[in-house]
Amino acid sequence: MSALLPADEPESERKAEGVLTDYFRAVAAASVVQAPEQMDGRSLPCAEPPVFDGVEVKHVDTAVVLAQLIAAIQQVEWEVDLVQKRDVWPTSPIPDPDEPVAEDDPWVTGPWVSELHHLVRDTLAGVDESEIPTIVARWAQSEDLNWWHVEELQALAEALILLARRAQEIGDQLYCWTSL
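Residues numbered from 1 in each chain as written. Predicted model: local features only at pLDDT ≥ 70, side-chain atom pairs only at ≥ 80, totals over all residues. Heavy atoms only, no water.

Draft legend 1. Structural context of the overall build of the protein. Across its full length, the protein carries seven helices and six strands. Taken from N to C terminus, the helices and strands of the protein fall in the order β-α-β-α-β-α-β-α-β-α-α-α-β. Counting only residues that meet the buried cut, the protein has 46% of its 180 residues in that class. Partitioning the intrachain contacts of the protein with sequence separation of at least 6 by distance along the chain shows that 74% fall at a separation of at least 24. Accessible surface, the protein as shown: approximately 9600 Å² in total, 51% of it carbon and sulfur. (Helix = DSSP H or I, 4+ residues; strand = E, 2+ residues; numbered from the N terminus. Buried < 20%, exposed > 50% of the residue type's maximum accessible area, 1.4 Å probe, protein only. Contact = heavy atoms within 4.5 Å. Areas by Shrake-Rupley, 256 points an atom, 1.4 Å probe, with all protein chains shown as cover.)

Draft legend 2. A look at the packing of aromatic side chains. Overall, the coordinates contain two aromatic pairs when judged by the stated rule. Seen in terms of ring centroids, Phe24 and Tyr175 are 5.5 Å apart; in terms of plane orientation they differ by 20°. Their pairing is stacked. Remark: Tyr175 occurs in strand β6 (residues 173-179) and Phe24 occurs in strand β2 (residues 20-26); sequence separation between them is 151 residues. (Phe/Tyr/Trp six-rings, centres within 6.5 Å; stacked < 30°, edge-to-face > 60°.)

Draft legend 3. Representation of the environment of Val101. Structurally, the position occupied by Val101 is in the loop between β4 (85-89) and α4 (106-109). The residues contacting Val101, other than those within four sequence positions of it, are Pro95 and Val108.

Draft legend 4. Structural detail: the nonpolar core. Counting 35 residues, the largest nonpolar core has Tyr23, Leu66, Leu69, Leu124, Trp139 and Leu156 as its most contacted members. For this core, the secondary structure elements donating two or more residues are β3 (54-58), α3 (62-74), α5 (118-125), α6 (132-139), α7 (150-170) and β6. Counting residues per element, this core draws most heavily on α7, at nine residues. Those residues in contact with Trp139, other than ones at most four positions away along the chain, are Val65, Gln68, Leu69, Ala72, Leu145, Leu153, Leu156 and Ala157. Within the second largest apolar cluster, eleven residues are counted, among which are Ala29, Val32, Ala35 and Val88. (Core = buried A, V, L, I, M, F, W, Y, C linked by side-chain atoms within 4.5 Å.)

Draft legend 5. A look at the pattern of salt bridges. Summed over all chains, the structure comprises six salt bridges. Asp53 is the salt-bridge partner of Arg25, the closest N and O atoms lying 2.7 Å from each other. With Arg25 in strand β2 and Asp53 in the loop between α2 (29-39) and β3, this pair connects stretches of sequence that are 28 residues apart. Using a relative accessible area of 18% as the deciding quantity, one classes Arg25 as buried. Since its relative accessible area comes to 26%, Asp53 is described here as partly exposed. (Salt bridge = Lys/Arg side-chain N within 4 Å of Asp/Glu carboxyl O.)

Draft legend 6. The arrangement of unusual backbone geometry in detail. For the peptide bond that leads from Trp89 to Pro90, omega is 0°, which places it in the cis range. Assignment of secondary structure puts Pro90 in the loop between β4 and α4. In this structure, His59 takes a positive phi of about 70° despite not being glycine. For His59, the location among the structural elements is in the loop between β3 and α3. Positive phi values are uncommon outside glycine, yet Gln75 reaches one of about 55°.

As structure tokens, this is what we get:
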């Protein structure tokens, strides 16, 4: 698995570690939920050897950046809930927002793992190779991606598309591992 990171991150992003996001495939959530405890919070697809086949990226959250790629593919307007997902880690109940939460609660500390809706996988997997440059050009219009070069976005789109195709071929789901 290779890391795909923007070359020219803004100064504010270079100072902070930023949000790490890895996209990977797995047969089911049951196999995913066991891994974070064994990995002590480390990235699931970045382990040596990798626990899952995936793509390591930074600043590619599901609600904004990935959803903007999906919107570019579908030729629709981006919406915050365009990418549907289901939290699978942590497995404990989400804390009540009105109650105090312990500092070491995994919902506070992360990492977090979400299963992406199968339509995300199928949308990515269904992209025709000849359409990728046009899709990336639409995706690059987003102000959220202004520090990425188009070539980097193309490599990222291609990596996510190939991951989705491998997942679809054998019936795996796509997941997003996120950490601060």
